[in-house]
Amino acid sequence: MHLADEIAAVGLTPAMRRVFNRGLSAVACADGSMDEPERLAIETLLGGKLGGNAPREPLESLWPHAELFVRACIHVALVDGHYRVEEARAVSLIAHRLGLSAQRLAALEKQVFDKLEAASQQRRRA
């Protein structure tokens, strides 16, 4: 299952989608400004542009979806082919706020790296 499908399957409320968007945008901007591939990746992961005025929720409201959110953050950080120190630091801070250990974060990073590498190899073969 693709990450966007996993996010859609959990049935995020509009407020939670906004928290996802804010967090993913913060990671994308951690190394300067958000570039077009990062913006498109966020839009794809969240199933389109966000509309309306949902209430602003704290990052901790994502606790039930912490690992999914952190994987999405790592994915956005890697979309340009680099996992810069600033992005890794932003992801680490988010993971810490959501109660994930450094060991668990490392496992999630490996999972996302491996998935993206496999997808890249599959595209090269096609």
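First things first, this report covers the structure right here in the doc. Because the structure is predicted, anything quoted here is derived from the model rather than measured.

**A closer look at the overall build of the protein**
From N to C terminus, the protein includes six helices and zero strands. Listing each helix as α and each strand as β along the protein from the N terminus yields α-α-α-α-α-α. At 14 Å, the protein has a C-alpha radius of gyration in line with the 14 Å of a compact globule built from 126 residues. Its C-alpha atoms give the protein principal-axis dimensions of about 45 × 30 × 30 Å. Classification of the 126 residues of the protein by burial places 37% in the buried group. Look at the contacts in the protein between residues 6 or more apart in sequence, and 81% of them connect residues 24 or more apart. Taken together, the 16 basic and 16 acidic charged side chains of the protein have centroids lying 2 Å from each other.

**Looking at the layout of surface pockets**
Taken as a whole, the largest pocket encloses approximately 420 Å³ of empty space. Along its surface, the largest pocket is lined by 18 residues, and His2, His75, Lys115, Leu116 and Ala119 are the ones closest to its centre. Top element by residues in the lining of the largest pocket is helix H6 (residues 102-125). It accounts for nine residues. Counted by class, the lining of the largest pocket contains seven nonpolar, six polar and five charged residues.

**Let's talk about the pattern of salt bridges**
Enumeration according to the criterion identifies nine salt bridges in this entry. With a closest N to O distance of 2.8 Å, arginine 104 and glutamate 67 form a salt bridge. Note that arginine 104 is positioned in helix H6 and glutamate 67 in helix H4 (residues 66-78), a separation of 37 residues in sequence. Judged by relative accessible area, which is 32%, arginine 104 ranks as partly exposed. Among the salt bridges present, the one from aspartate 80 reaches arginine 84, with a minimum N-O distance of 2.8 Å. By relative accessible area, arginine 84 is classed as partly exposed at 32%.

**Points about helix H2 (residues 14-29)**
Given a rise of 1.5 Å per residue, 16 residues ought to cover 22 Å, and the 22 Å separating the end C-alpha atoms of H2 matches this to within 8%. What H2 keeps buried is the set Ala15, Met16, Arg18, Val19, Phe20, Gly23, Leu24, Ser25, Val27 and Ala28. Contacts from the buried residues of H2 go to helix H1 (3-9), helix H3 (36-45), H4 and helix H5 (85-97).

**Let's talk about the nonpolar core**
As a rule of thumb, soluble globular proteins bury nonpolar side chains together. In terms of nonpolar packing, the biggest core is built from 33 residues, with Ile7, Phe20, Leu24, Phe69, Val70, Ile74 and Ile94 touching the most fellow members. Those elements giving two or more residues to this core turn out to be H1, H2, H3, H4, H5 and H6. A total of 10 residues in this core trace back to one element, the largest contributor, which is H4. Residues within four places of leucine 24 in sequence aside, it is in contact with Ile42, Leu45, Phe69, Ala72, Cys73 and Val76.

**Quick look at the side chain of glutamate 87**
Looking at the secondary structure, you find glutamate 87 in helix H5. Although glutamate 87 lies buried, it forms no salt bridge, and the closest oppositely charged side chain, arginine 84, sits 4.5 Å away as judged by the N-O distance. Within polar-contact distance, the side chain of glutamate 87 engages the backbone nitrogen of arginine 84 at 2.9 Å. The residues touching glutamate 87, leaving out its near neighbours within four places in the chain, are Val27, Ala30, Asp31, Glu38, Ala77, Asp80 and His82.

Conventions used here
- Residues numbered from 1 in each chain as written.
- Predicted model: local features only at pLDDT ≥ 70, side-chain atom pairs only at ≥ 80, totals over all residues.
- Heavy atoms only, no water.
- Helix = DSSP H or I, 4+ residues; strand = E, 2+ residues; numbered from the N terminus.
- Rg over C-alpha atoms; globule rule 2.2 N^0.38 Å.
- Buried < 20%, exposed > 50% of the residue type's maximum accessible area, 1.4 Å probe, protein only.
- Contact = heavy atoms within 4.5 Å.
- Lys, Arg positive; Asp, Glu negative; His and termini not counted.
- Charge placed at Lys NZ, Arg CZ, Asp CG, Glu CD.
- 1 Å grid on protein atoms, 1.4 Å probe; cavity = no way out; pocket = protein on both sides within 12 Å on 5 of 7 lines; lining within 4 Å.
- Points joined across faces, edges and corners; volume = space filled by probe spheres on them.
- Nonpolar A, V, L, I, M, F, W, Y, C, P; charged D, E, K, R; others polar.
- Salt bridge = Lys/Arg side-chain N within 4 Å of Asp/Glu carboxyl O.
- Expected span 1.5 Å × (residues − 1).
- Core = buried A, V, L, I, M, F, W, Y, C linked by side-chain atoms within 4.5 Å.
- Polar contact = N/O pair within 3.5 Å; in protein donor to acceptor, adjacent residues only side chain to side chain.

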